[in-house]
Amino acid sequence: GLLARHVQRAALTQEEHTKLLCLAESVGCKPEVQGMLLHTRRGRFTTHLFRTLHQEYLTTMQHNSYPPPFLGYWLNLIPSNPSFLACDSSCPHEVLAICARGEQCYYPTVSLNEELTWMMPHHAVHVKAIRFASALGAADHVQMCSSVDGLAWDTFFDSKVNTQGNGTELTSIPCRSMGAVKWFKLRVCK
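Residues numbered from 1 in each chain as written. Predicted model: local features only at pLDDT ≥ 70, side-chain atom pairs only at ≥ 80, totals over all residues. Heavy atoms only, no water.

Asks: Quick question: what am I supposed to make of the overall build of the chain here?
Replies: Of regular secondary structure, the chain possesses six helices and seven strands. For the chain, the sequential pattern of α-helices and β-strands runs α-α-α-α-α-β-α-β-β-β-β-β-β. The burial tally for the chain puts 37% of its 190 residues in the buried class. A separation of at least 24 residues holds for 69% of the contacts in the chain among residues at least 6 apart in sequence. Per element, the accessible surface of the chain, about 11,500 Å² overall, is 57% carbon and sulfur. (Helix = DSSP H or I, 4+ residues; strand = E, 2+ residues; numbered from the N terminus. Buried < 20%, exposed > 50% of the residue type's maximum accessible area, 1.4 Å probe, protein only. Contact = heavy atoms within 4.5 Å. Areas by Shrake-Rupley, 256 points an atom, 1.4 Å probe, with all protein chains shown as cover.)

Put into structure tokens, the structure is as follows:
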């Protein structure tokens, strides 16, 4: 019913799962909630999607003599600006791969009216929070969007609406996607 339609059960942490069962027991519907949770495919919680995805890639491909590339097979990165990360001809792919892995040593700059889109062809996630590498200023207007198919987009974070990240570095900002998504878009607006 109502709970099944409005709670993203696959996105629950173990602690949230336990709290939900305790709450269900207190209101007399524990068997129904247990049944609902039993038929939910559980994911894995991560605080850094791109690093976790890259680590899973390394673990899965460690014995593969000819593994597919991480950037291109496990994760695609699509900048709106064709000169994004422009550098000499020997480095663009590696710089994009570093960016895709979310490594601390390099975070890209997305300019005003530009977008950076990530697509995971083989994975889907439930967004529960986002974190920016550097503090957002009060004048910055950033939106994060998600999509199941890359056609219909849902804005799940807008810095003009949610100012929690303004002036704070590496703070997780609670927000939620509408469901399991494969696409993300970072949009820098006026």
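Asks: Please explain the pairing of strand β2 (residues 115-119) as it appears in this structure.
Replies: Here is the key point about a regular strand: its side chains alternate between the two faces of the sheet. A large share of β2 lies buried, amounting to four of its five residues. Pairing between strand β1 (residues 76-79) and β2: four bridges, direction antiparallel. Looking across to β2, one finds that N76 is bridged to M119. Inspection of the sheet shows β2 paired to strand β7 (residues 183-189) by five bridges, in the antiparallel sense. Across the sheet, residue E115 finds its bridge partner in β7, namely R187. (Pairing = 2+ DSSP bridges.)

Asks: Hey, could you run me through the sheet that holds strand β5 (residues 154-158) in this one?
Replies: Here we have five strands laid out as an open sheet, ordered β1-β2-β7-β4-β5, and antiparallel in their pairing. Edge positions in the sheet fall to β1 and β5, since each of these pairs with one other strand and no more. Looking at each pair of strands side by side, their axes are set apart by 20 degrees on average, direction ignored. In this structure, strand β4 (residues 141-147) lies alongside β5, joined through four bridges in antiparallel fashion. (Axes fitted to C-alpha atoms, helices over the stretch in contact; angles between N-to-C directions.)

Asks: Any chance you could explain the nonpolar core here in plain terms?
Replies: For soluble globular proteins, nonpolar side chains are generally found buried alongside one another. The biggest cluster of nonpolar side chains holds 32 residues, and the ones touching the most others in it are I130, F132, F157 and F184. Counting only elements with at least two residues in this core, the list comes to α4 (49-61), α5 (70-74), α6 (92-101), β2, β4, β5 and β7. Top contributing element to this core by residue count: α4, with four residues. When near neighbours in sequence (up to four residues on either side) are disregarded, F184 contacts L49, L116, T117, W118, M120, V125, V127, M144, C145, S146, W153 and F156. (Core = buried A, V, L, I, M, F, W, Y, C linked by side-chain atoms within 4.5 Å.)

Asks: Please explain helix α2 (residues 14-26) as it appears in this structure.
Replies: Side chains of residues three or four places apart in an α-helix project in the same direction, reflecting 3.6 residues per turn. For α2, built from 13 residues, the straight-helix expectation of 18 Å at 1.5 Å per residue is met to within 8% by its first-to-last C-alpha distance of 19 Å. Positive backbone phi, approximately 80 degrees, marks G28, located one or two places after α2. (Expected span 1.5 Å × (residues − 1).)

Asks: Teacher, can you tell me more about the packing of aromatic side chains here?
Replies: To describe a pair of aromatic rings, one takes the distance between the centres and the angle between the planes. Scanning all chains against the criterion turns up four aromatic pairs. Geometrically, the ring pair formed by F50 and W118 is stacked, given 5.4 Å between the ring centres and 20 degrees between the ring planes. Here F50 is found in helix α4, whereas its partner W118 is found in strand β2, with 68 residues between them in sequence. W118 carries the same exposure label as F50, and that label is buried. With 5.6 Å between their ring centres and 75 degrees between their planes, Y57 and W74 make a pair best called edge-to-face. Taken together, the residues span a long stretch of sequence, with Y57 in helix α4 and W74 in helix α5 at a distance of 17 residues. Taken individually, Y57 and W74 each receive the classification buried, so the pair is uniform in this respect. Ring pairs connect the aromatic residues Y57, F70 and W74, which therefore count as one cluster. For the cation-ring pair, K185 lies above W153, with the distance from its terminal atom to the ring centre recorded as 4.2 Å. (Phe/Tyr/Trp six-rings, centres within 6.5 Å; stacked < 30°, edge-to-face > 60°. Lys NZ or Arg CZ within 6 Å of the ring centre and 35° of its normal.)

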